[in-house]
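Coordinate inspection notes
Each chain is listed here by its residues.
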Amino acid sequence: MSNTELKEKLKSQIILFLNLTDLTPADIKDDEPLFGDGLGLDSIDSLELIVLLKREYGITIQDPKEGRKVLVDINSMADYIEKHGVK
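So, how was this worked out
- Sequence positions are assigned chain by chain, starting from 1 and proceeding in written order.
- Totals for whole chains, interfaces and linings use all residues, but because this is a predicted model, local features are given only for residues with pLDDT of at least 70 and pairs of side-chain atoms are given and counted only at 80 or more.
- The basis for every side-chain value is the complete set of non-hydrogen atoms in the structure, without hydrogens or water.
- As defined here, a cavity is a set of points on a 1 Å grid over the protein atoms alone where a 1.4 Å probe fits but cannot get out. A pocket is an open set with protein on both sides within 12 Å along at least five of seven lines, and residues line them when an atom is within 4 Å of a point.
- Grid points are joined across faces, edges and corners, and a volume is the space filled by probe spheres set on the points.
- A run of H or I in DSSP counts as a helix once it spans at least four residues, and a run of E counts as a strand once it spans at least two, with each numbered from the N terminus.
- Under the grouping applied here, Gly and all other residues not named as nonpolar or charged are polar, the nonpolar ones being Ala, Val, Leu, Ile, Met, Phe, Trp, Tyr, Cys and Pro and the charged ones Asp, Glu, Lys and Arg.
- Partly exposed residues are those whose accessible area sits between 20% and 50% of the maximum for their type, while under 20% is buried and over 50% is exposed, using a 1.4 Å probe and protein chains only.
- The term polar contact refers here to a pair of N or O atoms within 3.5 Å; inside protein, the definition further demands a hydrogen-donor-capable atom paired with an acceptor-capable atom, and it admits residues adjacent in sequence only when both atoms are side-chain atoms.

What to know about the layout of surface pockets
Roughly 180 Å³ of volume is contained in the largest pocket. Together, ten residues line the largest pocket, and Met1, Leu6, Tyr57, Ile81 and Val86 are the ones closest to its centre. Of all the elements in the fold, those that place two or more residues in the lining of the largest pocket are helix 1 (3-17), helix 2 (43-57) and helix 4 (74-84). Counted by class, the lining of the largest pocket contains five nonpolar, one polar and four charged residues.

Remarks on helix 4
Within the span of helix 4, buried status applies to Ile74, Ser76, Met77, Ala78, Tyr80 and Ile81. Measuring from the backbone nitrogen of Asn75 back to the side-chain oxygen at the start of helix 4 gives 3.2 Å, which picks out Asp73 as the cap.

Concerning the environment of Asp79
For Asp79, the position within the fold is in helix 4. Asp79 sits in the partly exposed class, given a relative accessible area of 36%. Sequence spacing of Asp79 and Gly67 is twelve residues, and the spatial spacing of their C-alpha atoms is 13 Å.

What follows is the structure, encoded as structure tokens:
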């Protein structure tokens, strides 16, 4: 799967997992922050994203510092999945 395909899949999964029914993948920019002024996700959403990474990609994030680096935006999540995900 190409990086672009992975990013599109991630956007769809985030919308589904977080029940963001008012958004489409096109509404989420690759470099838009997922938290705060960007997409506006909160700490509960971060837990859901960690579950998504575990369930869909076999990635376990236990260190909160690592999680903050991974869950910055779509680009950082896709890069992390490419490096650490189950192939």
